[in-house]
Amino acid sequence: MNEDFTTVQHMWSGGYGALSHVTNDHTFKVYGRKIARDHGPTWDMEKIRNCLIPGQTYLFRCNVKFTKAEKKVGDLTSCAINGSNCLTLYSTIKTPNGQIGRRKGFWGKNHGIRYGDWNGFYATFEYNQKELNQMNIFQLLQLRGPEGGVDIEIDDVLFSLPDPKTLPNSSNTCNGNLIFNGNAEMDPIHPFPMLVSGGVLQVADDGVNQYFRHTARTSSSYSFFYEFPVLGCLSENAKYKISLDLRTDSKVPFTVRLKLRSQSFDDTSIWWTIVDCDGINEQWSTCSVQFNFPSGLLGSNKEFVRLHLESIGNPTANMDIDNMSMELLNGSITSIVVPEAGVLNCWGKGADILITSHTLDYRDSQVRTLVADPIPDKYGHVMLQLDNAIVPPTTRQQSKDFAVEVALLSRNILFQGEKDPANDLFGAHFMVMKTPYVEQMIDGIEFQNFGQQGVLGRYPIHLHLCEDVTGTVIKRNCIRYSNQRCIVIHGSNGKKLHPIFESKMIVIHGSNGATIVENIAYETHGHCFMLEDGGEINNTFRRNLGAKTLAAKRAISPEETDHTFPSTFWCSNPQNSWISNVAAGSKDNGFWFELRKSVRGPTASFPLSRNMNPRTMQLKIFHDNVSHSNGKHGIRTYPDGYLPTKEAVFSNNRSYRNVQEGFFIHNSRRIVIRSGLVADNRYQIDLDMVDDIKIEETSIIGVSDSFEAIMESQSGILSHGELIIGIDLHGYPKPSIEGITIHNVSFTGFDDPNIKNLLIRVDNEAKTGFFSTISNIQSDQSLTPDKFEFLSSEDSGILEDLYIIDLDSSMRPIGSTTTGVSAVVSNSPMMTAFLPQNSCDFFPMNGYAYCSDACLRSVTFAVDPADTEDVLLRITNENETYIDLPGIYYNDDSGLFKDTDIRRRRYFIASLPLGSYHAFFHEGNGQIGFWPSHAEVSISKALCNPSLSINNVQVDIPQPLDGTCRELIRNGDAEASSFDPWLQHESGVMLGSGDGLSGSNGIADILQNGNNGALGQFLDIRCLKYGRQYEVQVWVKLAKNGSPISCDDVNNCPKARLRIGRSYKDSNKSSPDLLLDVASSFVRPYKKNSWNMLGGVFTVDKRIENGSSVAFEVARQISGVKMVLDNVSVREIERDCSELIFNGNFSDGTSRFWDKNKRARSISLNMINIDGNWALETVGNPTRLQSPTQSIRVGCMEAGARYFAMAKFKLIKDDGNPAFCDQSFLTGKVACPRMRLRSIVDLGLESQKAQAHDGGSIALTNHGISADGWYAMTGSFSATTFDEQADKSELTWDRLPRNTALMIDSVSIVPLPKNCQEMILNGDIENHETLSFWRTWVNGGFGRLHMDKFNGDEFGIKVFNRTSAGDGLHQFVDPRCIAEAKTLRFSAQMKLIARSTGKTVQCQPNEKSLSKGCPPVRVSCWKGNNKVSDHHYFMTNRPSWSLNGYNRYENEFHVNSAPLVCDRVAIAVRQYNIEWDMILLKVSLQAIL
């Protein structure tokens, strides 16, 4: 039918009940419509029904116009507005039994009609047999749809067969162009076979060319499409080329996306993107691409396959389409060729093989079945015939570096887990359990459906707690469809396995010495080849392959990472070997070194695992491994990184076509990437927070030729978008020491003009200064400036303090002839101010300058982060050129913890060429005066020569203001407007308004969920001069849930400490911070649930003075508790040498200055009030060495000077009754306590030397006890040179009765005046209550002293119970008098008594034998603890000895030279008959000057 209504006769009506007529314009109009249904132009087809053929396509076209009384010309119809009441073509029949049947034409809707406008309308029809039944009562073709009241006017109606040229036939069905009428030239009227899902499609003609025009589009879903007429012409994985011309009337370019849609008979659809045609504008442009037809879109269940064109970004623009074509380039691949070794006579018909992914997508691996045995050729190859076609992979013929792997999945022995209908993740498991020293062999087995997700210890292959498995081999197995992990190696100690080791694949756990070789793992869940606890060492993984490693669906425990970051090889201890393995597609990682600081799980208890730190252990072998097609990383160290003590070499490895990084080295040091290849990754090598990294002899390829060919021929594969980076450099938490070395590295494939290619980028995460060296760099293109970037990708801000040393100028810009050392530096005055003028080429668009003859080193100043936010560091050279550097606080938080971590520093980094410099801090005024408490200065490794030395930079330190060093704590009372300068670590810090003492402010922590929280501030190191002594006072309150609490003083109370930084300026090395407790106990009395004061004393010794920084910290040491501080003070103690003891009489009722000694962890101190007097009590002495202690005043003792020590004490039993001791015994249970003094000299930052005084005691318990139960102890001692030089002297007590309380009072050490006229103290026992100053001399035996009246009312000393002739008594005398004297005169009244009879005996004055001779005077001399001399002086001036009364004993002798250098001299009377007791009265020693 071709009807233009120019004649009266026609076959059209208005439908049931509507009016119609032919207008004067020769159009057919239907009006008076009441309803949308049935009221519309209707054609009775009865006369032509016999002509219609079932299954034949028919075309319908007409022009149509809508009018409505209340609508104006140009108003949108409801169809145009919301898609309702659209005009539609229907075929309507009435069957012989009276049923009405209706079916839409395809495609009849016109979404763009406006009232009063003529628009083209078209549709296609294919009639079925039922519709063409000659017995039907009627057969109609109806135009219907607009709502009632709308008049429909039509004209130029055409109903015809398509042009034969637009249909496939026997000659062109599958040959040539598969898109018929793609140039719109076959029919000038109907766009068949092109269709649209909305809008208007018509054939347009510009007078020269016909094309398709798609207009009236109101949605991006209104797509232009073509339905392939014969699905048999399409082949999966065959290679096609599609091309078309596009144009739009939009002035803003947009993208047209080509997609395939496959719909099944059940109406389910699959969409697949072929290509995005970008930049479509008002000019014709051609979009062309080659692609492999994807799998899954064809099959007997498919109703149709269509090619769709969708607009992206402009849903309403009109679009013109022309010259569409799609041609077959290559047919499907159904066979492959591989080397015959290991395949011929082994792989057979029916076996499954794996072809690994050749793209970025780990899901692009392909599994096929062999339909025949391998067919060999005469060249050492075999052909494998496959059951289905494959997507063309990368072959060795195309590239030996990127060829896919082909692996046999089938085995003759199959272990298959039974399917659990209730749990599809629950399969079988295989375990070798607790069998050390047994050589296991697991060879050639296929495991399917093994592993039980979420169940303890259930994996496909599991060496469980086997310890030494040397000789065990796991080889040639295949693990398919594992529910959890692959091969897990796990240690053994006989204990129950911890739940974190549930559900693995192949897990090597705590077992050592296994060989895992030539195993295949495919489509497995969780980490695959795995060392579980981190204690497994000396295992070897060789030639294993894993592909399609998926995330576990059920997490074993929150600690595990299988469900978040699955990795084909999970490496938890580097002391193993990985050789020639392949990670061919994981959802996340290929090889993941997730190293911890200690071994976990049951393996941690193995002797071998104790003190093992996998993070620092040496790598055995990581060589010749391949990692490709992984969802994120090829090889990575994350999150704790890898810090080996020696270089760890990753050699000859290939990492390519990973979605993110080839190598991701994070938080690591001393790693070498050598002789490998990285390619086709977004970031080839990503170095984040690293130092001492080397990249050597490595090929770095941005986009390889092989990958470029794949992207051109295989549409729809993943790509990296618009950015490819060779080496991406990030910042480091603190300035690098060794830097990064890049040597003998080639860059290729960075020349795609359509994307951004960077050889090296320093990104916006660089928080601190960064440097590296490069040399012998090769590139396949000119090293244009745009190949480097020192710009932040987020804010385009310049990174101002970065540089790369180019040792041989191999990366010099085009046209440069520079040789030797050059530098790529940030384009900033900070980096170029001190370089010679005209030595730099500037590239501001990329943020860098290339400077010749530039050898730089970075000098870092690490300072207190508090109150330094706006401080600048000025560096000035000899020419008065200067720069002002801002500080950088790494990992700067924007919240409550901003700049407050006491373990971090603010860094000022100056990168300087050789020269002389001065540095000082200022507050923006350029004036010296500000000091940031400390400045740890270090210098980077020398990368070139000649270079700067640390001695070339002088730091100008201003003198502290008056009073600065008297009180070291700033804002200790928290009454400032903020908490500055207080800092925190893992606790947060805040100014607690009203939280302090008496409602004042306090310094409070915020987080209480750990034991490591601390509040503190840095001390001004200018004040910490050697010998200064400071008292520490910290008022502390603890609260839980808002209520005050008490704490256990033994273990869990807060303590104050100094954290001493040990960064060595001269050696450029550092050691861990040194912690010194300075107030570890609360001052007594302790008030429960209230404020208490931590108190202590410290002396600035060499360790403190030499510290590069000193932080004062108050450590909470208990979790879940809020800590508030107030009135914190570290105040200098004024020097007063008249009394060396602080608070010896406890007059203020507190234990200030007193603490427990280091051995006294289980005792406590209490204050006791006795009749108005305070004393200090030590409760709970489980040993005889736990006592109170005090660091006495330092700097007061002079070598040779004598000091008097005294105290009084009580001993109290557990039941409260007094305990007693015997002063006559020096040892044993009944011996009395003695006072000790131990001096300590610091030998630097690393060690100390301690020396106890005078054989261990400075005061002994006197004879007798007072009426109120107090013992007295007194004594004298001479200070040694060691005492004088000591950094600290500690007073303690020992020989304390066990489980007895010690109460002390009136403790004192005072200097004694020098008196050479009488050097013996208490020689006449004028102090009748004590034998003070006298001591027994024990020389291999034992002796006791007794004080009594022996000659009337005269007191004397009796020496008795001697067990050795060398025993006697002695007293230390003033060595200064000895040094000044020429002669000494010793005298005494002496009586000798036979022990057996009690009668007086006579000695022979001139006899020197032990049996008859009189007791000699002995002078012994020590320097420190070394005895210098020991001389006897016999009595020679008395001719006889009287048996009656006392004999005057007198001896005068010359002093030899030895005592002149001694700092301790003892006068002793000993070395006489062992059977004699001796009584001495009126003992005297005079120096005759």
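To keep things clear, this report deals only with the structure shown in the data block. (Residues numbered from 1 in each chain as written. Predicted model: local features only at pLDDT ≥ 70, side-chain atom pairs only at ≥ 80, totals over all residues. Heavy atoms only, no water.)

1. Comments concerning the state of the cysteines
In the structure shown here, the tally under the stated rule is 11 disulfides. Linked covalently through their sulfurs, Cys277 and Cys287 form a disulfide whose S-S length is 1.9 Å. Here the S-S torsion is close to -75°, and the disulfide linking Cys277 with Cys287 is therefore left-handed. Note that Cys277 is positioned in strand 18 (residues 269-280) and Cys287 in strand 19 (residues 285-292), a separation of 10 residues in sequence. Pair check on accessibility: Cys277 and Cys287 agree, each one buried. Free of any disulfide, Cys62 has its nearest neighbouring cysteine sulfur in Cys79, separated by 14 Å. (Disulfide = S-S within 2.5 Å. Helix = DSSP H or I, 4+ residues; strand = E, 2+ residues; numbered from the N terminus. Buried < 20%, exposed > 50% of the residue type's maximum accessible area, 1.4 Å probe, protein only.)

2. Some words on helix 2 (residues 705-713)
Taken as a whole, helix 2 has its buried residues at Ser706, Phe707, Ile710 and Ser713. Within helix 2, the buried residues cover an arc of 135° as seen down the axis, which keeps them to one side. Summarising the contacts, the buried residues of helix 2 are in contact with strand 16 (239-248) and strand 19. (Arc of directions from axis to C-beta. Contact = heavy atoms within 4.5 Å.)

3. Structural notes on the sheet that holds strand 19
In space, the 5 strands of this open sheet follow the order 13-14-21-16-19, with antiparallel pairing throughout. This sheet does not close on itself; its edge strands, each paired only once, are strand 13 (200-205) and strand 19. The average undirected angle you get between the axes of adjacent strands in this sheet is 30°. Sheet analysis places strand 14 (residues 210-215) next to strand 21 (residues 319-330), joined by 3 bridges and oriented antiparallel. Each bridged residue has a counterpart across the sheet, and for Arg213 the counterpart in strand 21 is Asp320. (Pairing = 2+ DSSP bridges. Axes fitted to C-alpha atoms, helices over the stretch in contact; angles between N-to-C directions.)

4. Structural notes on the environment of Gln959
Its place among the elements puts Gln959 in the loop between strand 75 (953-955) and strand 76 (983-985). Given the relative accessible area of 69%, Gln959 is considered exposed. The sequence separation of Gln959 and Gln1117 amounts to 158 residues, and the corresponding C-alpha distance is 37 Å.

5. What to know about a negative patch on the surface
A grouping of Asp705, Glu708, Glu712 and Asp751 is seen on the molecular surface, where their side chains present a negatively charged patch. Its relative accessible area of 65% is what places Asp705 among the exposed residues. (Patch = residues over 30% accessible without salt bridge, like charges linked within 9 Å, V, L, I, M, F, W, Y side chains within 5 Å. Areas by Shrake-Rupley, 256 points an atom, 1.4 Å probe, with all protein chains shown as cover. Salt bridge = Lys/Arg side-chain N within 4 Å of Asp/Glu carboxyl O. Lys, Arg positive; Asp, Glu negative; His and termini not counted. Charge placed at Lys NZ, Arg CZ, Asp CG, Glu CD.)

6. Looking at the pairing of strand 91 (residues 1188-1191)
Strand residues, when the strand is regular, have side chains that alternate between the two faces of the sheet. Side chains Pro1188 and Gln1190 project from strand 91 onto one buried face, and the interleaved Thr1189 and Ser1191 project onto a second face that is buried too. As judged from the 2 bridges shared by strand 88 (residues 1155-1156) and strand 91, these two strands associate in the antiparallel manner. Paired with Asp1155 across the bridge in strand 91 is Thr1189. The pairing of strand 91 with strand 97 (residues 1288-1294) spans 2 bridges and is classified as antiparallel. Bridge assignment links Gln1190 to a residue of strand 97, and that residue is Leu1291.

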